[in-house]
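# Architecture at a glance
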Amino acid sequence: MALAAAATLTGTGVGTAGTETERPAACAPPTQGQPPPQQIPATVTTVGQAYYCIFDNYYSGPALDSRTLLVPAFAAVTREMQRRRLDQPGATLPALTGRKDADWAAFGKVYRQIANALPDDAARAAIGTAAIRAMVDGLNDNHAQWLGVPSQNLVGLTLSGITASGDADPAATGPMYVNGIAAGGPAETAGIKPGDEILAVDGAPLLVGGILNEGVLSSLLKARLGAVLKLTAHRPATGETFTATVTAAAHRPPPRTVESRLVDGNIAYVTLPSMAPEPAAQVLTAIAGLRAQTALRGVILDLRGNGGGTLEAASTLLGALTHGKTIGYWCDVRGRCTPNRTDDSVKLLNVPFVVLTDRRCASACEVFGSAVKDLKLGTLVGTRTAGAVSGPAWAYQLDNGTSLLLPKYHQLAANKQVVDTIGVAPDHYAPMTAADLSAGRDPGLAKAVFLL
C-alpha cells in the first residue's frame, strides 16, 4: 500500500494552539525516503489533529459521532490527573452535540484550561498522550494504532495466549508457556526453553484463578532495560520446576526467515514468518527447489506465528493455487466493496496443499487462510486464527512526530463473511501444547503429513 508524500507538520507550544475554534493542520502520510521526525510531547494541537485525522481518514469517519472520541479522551485525561494527584475542580466536560467542529471547540476550551493549570510540561504531555490513546482505543479496531514511543521486548521470549500486539488473547487458557525464544537473548541465556510454562514473575503468579494477571504480564514483556526478573517456570519434558533470573537487555535476534525441507520423503514443508512480497516469492522458489529433488505429493505451508503483511503477498501465494478468483473484499462504511483478486501471473503448483495456522496468524495471514478455505484450495490444520484483520491501514503523521495507523476500508473474506474478531477455523483441530513443544513434538505437522 503506497503512501503519498507529504510535508512534515510542525507543532506549537505545549499548552496553547491557535483559537478555540481553529482546526489544526491536517495529518498527512509521512514523506517517503525521509527519516522519521524527532518525537516531542503531544500538545492540544496534536490531540485536535488526531481527532480530525480520524474523521478524515478512518473507515467509519463519514459516519462517526464525535462523542465516541471525545468522551473517552476526556475521561482518560481526568484519570491521568487523578493518578498524578493533580485533579482540578473545573475539569468537567460540557454537553456534546455530535457536531464535529462544535464539539471540538467545547472540548478544546476546557482542555486548554486544564493544561495551562498543570504544574509542568511532563503532566501536560501525559494528558495529551492519554487523550490520543483513548480516542484510538475507542475505535475498537485492531488495525487502528497510535505509534507513539516504540516498545521493545527486552526479555527475548513470546508467550502462548498473547496476541501479536502483546495483548491477552481472550480465548486463551493456562498454562502460559514460552512459544518463542530470541536466539542469544536474555531468556535463552538464562536457560529458558520453548515449552517452559511461566508460573510466576518475581513471585507474583501470572495466572490467578485461570485469569491472566496483566500487570505481571506487563512487567515481563515490557520490562525496562536492566530490570532483573526472577521467573518461576515448569518444564513439562522433565517435570522440573525451577527459577531463572533474566536481565532485560537490548538484543538483536536474527530475523525469522523462510525455511524449507522435505518431510516424509516427498512432501514440501515451508515456513513463512511474514506475509510480505519477498518472503512470499522465497516460498515459491523453495517449493520449486524441493520439487526438483522429487515428485511432490503435497505442500505444507506453515503460517503459525505469521503476524501478517501485505495483500500483494497473499495474492501472489494464492495465485500459485488458483487463477481468476476473488480472494476478499475491501469495503467502505457505506457497504461499497472492491474485490481483491489472485495474481494470475504466478505459475500454478497443482499439488495438494495444507496450511498450518494458529492464534498468531493475523491480518494478511488470515486473508490467505480464509481464501484457501473459502475457495477450497487446500486444508487448514491447527487452531483458529487471530481474528485481527479489520482492514489495510495507512500511516498519517501528527505534528509531534508520532503517527496514526488508520484503516480506510474493512476486510471481508472471499465469501463475504466476517473474519475480523472471529478468525478462521481450521478444518482439523491440532493445537500445540506446552508438553508438545517441550518434548519437540509437532501435532499440527504430524496431522498435515497424515492428511497428505
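All of these numbers come straight from a predicted model, not from anything done at the bench.

Bridge count between strand S15 (residues 353-357) and strand S16 (residues 379-382): 4 bridges; the pairing is parallel. For Val 354, the partnering residue across the bridge sits in S16 and is Thr 379. With 2 bridges joining them, S16 and strand S20 (residues 428-429) adopt parallel strand pairing. Within S20, the position partnered with Gly 382 by the bridge is Tyr 429.

Reading across the sheet, the 6 strands line up as S10-S11-S12-S15-S16-S20 and stay open at both edges, with mixed pairing between neighbours. On the outer flanks of this sheet lie strand S10 (259-263) and S20, each paired with one strand and no other. Note that S10 and strand S11 (residues 267-271) share 5 bridges and pair antiparallel. Considered in S11, the bridge of Leu 262 is made with Ala 268.

A few words now on the nonpolar core. Ile 54, Tyr 111, Leu 404 and Leu 406 are the most contacted members of the largest nonpolar core, which has 43 residues in total. Looking at this core, the elements with two or more residues in it are helix H1 (44-57), helix H2 (66-83), helix H3 (100-117), helix H4 (121-138), strand S17 (393-397) and strand S18 (403-407). Of the residues forming this core, the biggest block, 8 residues, is contributed by H1. Once residues within four sequence positions are removed from consideration, Leu 406 is found in contact with Cys 53, Ile 54, Asn 57, Tyr 58, Leu 139, His 143, Ala 144, Pro 392, Ala 393, Trp 394 and Tyr 396. Counting 40 residues, the second-largest nonpolar core is a separate cluster that includes Ala 280, Leu 296, Ala 313 and Leu 317.

As a further point, take the confidence of the model for the chain. Summing up the model confidence of the chain, the mean pLDDT is 91 and the portion of residues at 70 or higher is 93%. For residues 1-19, every residue scores under 50 in pLDDT, and the model assigns this stretch 52 contacts once sequence neighbours within four places are set aside.

Let us look at unusual backbone geometry. Residue Pro 175 is reached from Gly 174 by a cis peptide bond, and omega for that bond is -5°. Phi at Ser 363 is positive, roughly 60°, even though this residue is not glycine. Tracing the backbone through its elements, the reader meets Ser 363 in the loop between S15 and helix H9 (364-374). Even without glycine at this site, Lys 376 takes up a positive phi of about 55°. Relative to the helices and strands, Lys 376 is located in the loop between H9 and S16.

An ideal rise of 1.5 Å per residue puts 26 Å on 18 residues; H2 measures up with 26 Å between its terminal C-alpha atoms. Of all the positions in H2, only Ser 66, Leu 69, Leu 70, Ala 73, Phe 74, Ala 76, Val 77, Thr 78, Glu 80 and Met 81 are classed as buried. Considering only its buried residues, H2 is in contact with H1, H3 and H4. Remark: Arg 85 follows H2 within two positions and exhibits a positive phi of approximately 60°.

Conventions and cut-offs
- Residues numbered from 1 in each chain as written.
- Predicted model: local features only at pLDDT ≥ 70, side-chain atom pairs only at ≥ 80, totals over all residues.
- Heavy atoms only, no water.
- Pairing = 2+ DSSP bridges.
- Helix = DSSP H or I, 4+ residues; strand = E, 2+ residues; numbered from the N terminus.
- Core = buried A, V, L, I, M, F, W, Y, C linked by side-chain atoms within 4.5 Å.
- Buried < 20%, exposed > 50% of the residue type's maximum accessible area, 1.4 Å probe, protein only.
- Contact = heavy atoms within 4.5 Å.
- pLDDT = per-residue confidence, 0-100.
- Expected span 1.5 Å × (residues − 1).

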